[in-house]
Amino acid sequence: MASKEMYALGSQPSVIRDLFAYGQAQAAVVGKENVFDFSIGNPTVPAPACVKDAIEEILETRESAAIHGYTSAAGDPAVRQGLADFMNKNYDAQVKADNFYMTCGAAASLTISLKALVESTEDEVILIAPFFPEYTVFIENAKAKAVVLPPDTEHFQISFDELEKAITPHTRAIIINSPNNPSGVVYSAETYEKLAALLTKKSAEIGHAIYIISDEPYRDIIYDGLPILYVPKFYEDTIICYSYSKSLSLPGERIGYILVPDCAADAKEIYTAVCGAGRAMGFVCAPHLFQDVVLKCLGQTSDMNVYDENRKLLYNGLKKLGYECVYPSGAFYLFVKSPEADAKAFSDKAKKLNLLIVPADSFGCPGYVRVSYCVDPEMIKRSFAAFEKLMAEYK
Ligand code: PLP
């Protein structure tokens, strides 16, 4: 007999995966060039040359066990030291190798961090809509409760009044995600300052630290010269979940890390609990080869100009056609207001034109769709006729 809870999870369809599968099947019927698949956040920009160079060098110069063997559970100390040096140099982070735990990407970073923080089934973790839908799965897995803040559909920043109301003595953490999937919004220094002030005040009131879990897979995908901000500089009780899935176009290699800086409350205990959670869930020794690859690629990214060009092309194109879009400052998603209240119905109409866009209900933001632009720019150009036809249905 299977676990009912896990069976239900395994058999629940994902809207994004369904649309993606539909696109693949439809391509065989109408031709690949006539399907406009904006469903999934799978980077299309190739990994930078340093990735191939690093793999080749490692394969050519090392013994098998030094390439494919186990590392320590938290990751190779030399890799973690390299990450610490990088963060110290670039963000004045004042961290050491022992503040890092290597993971299989951001999903693992998040599940481990939540498991490490949650103490009881009464514990609450705050989410800010719109949010990456898997967060609710990860929170349930940690046996905590997700508390969702309604979206601020004017600015897609944090609604501080709502946040203040949502914090209770059971609040353990808040997950933030900037640059954001799905809105593309980036938090400013002012937003972090306000967030820090509120969390500091509320932590004192409830008598324990409220941690920020900063989910940062899009940290390096940022436009218009905006600065990359190091969240613990604003709020010390922060745990960073990073991943190279997007920045180095390596989502299938499953590599990232958790950073518990010493400034966080009970940092040593939390880090030890991270090691325990990793152990309990079997997330020990992240892929060895790719630990070494990311060490050799520190500071490098895929060509972000491609995403920037796509962003401008899609944003300007859809605005011209009369769509209301959130201006994206980071990540590779455009958040578009559905011309009818039911975004699922809108997405279904789009699907009939082979235009695959994701209704944002599962992101906690009904009435919007997510258009993923980590795609071939030629596909964006070809898609405008379909977007125009779609809008015509509402005029
Ligand atoms: N967090 C956000 C906001 C994401 O968009 C994703 C993936 O799309 C993840 C986490 C998971 O990333 P990874 O593939 O590194 O596990």
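Rules of the game
Residues numbered from 1 in each chain as written. Predicted model: local features only at pLDDT ≥ 70, side-chain atom pairs only at ≥ 80, totals over all residues. Heavy atoms only, no water. Near = heavy atom within 4 Å. Polar contact = N/O pair within 3.5 Å; in protein donor to acceptor, adjacent residues only side chain to side chain. 1 Å grid on protein atoms, 1.4 Å probe; cavity = no way out; pocket = protein on both sides within 12 Å on 5 of 7 lines; lining within 4 Å. Sits in = over half its atoms within 2 Å of the grid points. Helix = DSSP H or I, 4+ residues; strand = E, 2+ residues; numbered from the N terminus. Nonpolar A, V, L, I, M, F, W, Y, C, P; charged D, E, K, R; others polar. Core = buried A, V, L, I, M, F, W, Y, C linked by side-chain atoms within 4.5 Å. Buried < 20%, exposed > 50% of the residue type's maximum accessible area, 1.4 Å probe, protein only. Domains from an automatic or database assignment. Right-handed = clockwise from strand over helix to strand, strands pointing away. Points joined across faces, edges and corners; volume = space filled by probe spheres on them. Lys, Arg positive; Asp, Glu negative; His and termini not counted. Salt bridge = Lys/Arg side-chain N within 4 Å of Asp/Glu carboxyl O. Contact = heavy atoms within 4.5 Å. Buried area = accessible area lost by both parts, 1.4 Å probe.

What follows concerns the site of the ligand. Around the ligand, the surrounding shell holds 14 residues, and the nearest of these are Asp-215, Tyr-218, Ser-243, Ser-245 and Arg-254. Within the side chain of Ser-243, an N or O atom sits 2.6 Å from an oxygen atom of the ligand. Within the side chain of Lys-246, a nitrogen or oxygen atom sits 2.9 Å from an oxygen atom of the ligand. More than half of the atoms of the ligand fall within 2 Å of the grid points belonging to the largest pocket. The element that contributes the greatest number of residues to the shell around the ligand is helix H6 (residues 105–117), accounting for 3 residues. Of the residues belonging to the shell around the ligand, the class tally is 6 nonpolar, 5 polar and 3 charged.

Grouped burial of nonpolar side chains is what soluble globular proteins tend to show. In terms of nonpolar packing, the biggest core is built from 37 residues, with Phe-38, Leu-318, Tyr-323 and Phe-387 touching the most fellow members. Broken down by secondary-structure element, the contributors of at least two residues to this core are helix H12 (304–320), strand S9 (333–337), helix H13 (343–352), strand S12 (368–372) and helix H14 (377–392). At 7 residues, H14 tops the list of elements feeding residues into this core. Residues from two domains meet in this core; each of domain 1 (4–47 + 302–392) and domain 2 (50–296) gives at least three. Listed in part, the 32 residues of the second largest apolar core include Ile-112, Ala-144, Ile-175 and Tyr-211.

With that settled, the discussion passes to the pairing of strand S6 (residues 211–215). In terms of burial, S6 is largely enclosed, as 5 of its 5 residues are buried. Neither face of S6 is left uncovered, since the one carrying Tyr-211, Ile-213 and Asp-215 and the one carrying Ile-212 and Ser-214 both have all their residues buried. Read from strand S5 (residues 171–176) through helix H9 (residues 189–206) to S6, the crossover connection turns out right-handed.

Below, the discussion takes up empty space enclosed by the protein. The final tally for this structure, using the stated rule, is 1 cavity of 30 Å³ or more. Lining the largest cavity are 13 residues, with Ile-128, Ala-129, Pro-130, Asn-180 and Tyr-187 positioned closest to its centre. Residue composition of the lining of the largest cavity, grouped by class: 9 nonpolar, 4 polar and no charged.

What follows concerns the side chain of Asp-37. Note on placement: Asp-37 falls in strand S1 (residues 36–37). For the buried residue Asp-37, which engages in no salt bridge, the nearest side chain bearing the opposite charge is Arg-370, 8.4 Å off. Among the polar contacts listed, one links the side chain of Asp-37 to the side chain of Ser-39, at a separation of 2.5 Å. Aside from chain neighbours lying at most four places away, what touches Asp-37 is Phe-20, Leu-356, Val-375 and Met-379.

Right, let's talk about the pattern of salt bridges for a bit. Overall, the coordinates contain 19 salt bridges when judged by the stated rule. A salt bridge links Glu-57 to Lys-296, with the nearest nitrogen and oxygen atoms 3.2 Å apart. Residue Glu-57 is located in helix H3 (residues 49–61), and its partner Lys-296 is located in helix H11 (residues 288–296); the two are separated by 239 residues in the primary sequence. A relative accessible area of 40% places Glu-57 in the partly exposed class. The closest approach of N and O atoms between Glu-162 and Lys-165, which form a salt bridge, is 3.7 Å.

For Asp-342, the position within the fold is in the loop between S9 and H13. A relative accessible area of 40% places Asp-342 in the partly exposed class. Taking the C-alpha atoms as reference points, Asp-342 and Tyr-368, 26 residues apart in sequence, are found 8.5 Å from one another. One polar contact links the side chain of Asp-342 to the main-chain amide nitrogen of Lys-344, over a distance of 3.0 Å.

Here we come to the domain arrangement of the protein chain. What the domain assignment reports for the protein chain is domain 1 (4–47 + 302–392) and domain 2 (50–296). Look at where the C-alpha atoms of domain 1 and domain 2 centre, and you get two points 26 Å apart. Contacts between domain 1 and domain 2 engage 30 residues on the former and 33 residues on the latter. Carbon and sulfur atoms supply 62% of the area that domain 1 and domain 2 bury against each other, a total of about 2,400 Å² over both sides. Looking only at domain 1, the three residues that lose the most surface to domain 2 are Met-304, Ser-329 and Phe-363, adding up to 22% of its buried area. Taking the shortest distance from any N to any O, the salt bridge between Asp-224 and Arg-311 comes out at 2.8 Å. Joining domain 1 to domain 2, the criterion identifies 14 residue pairs in polar contact (both at pLDDT 80 or more). Within the residue set of the side of domain 1 that touches domain 2, elements represented by two or more residues are helix H1 (4–11), H12, S9 and S12.

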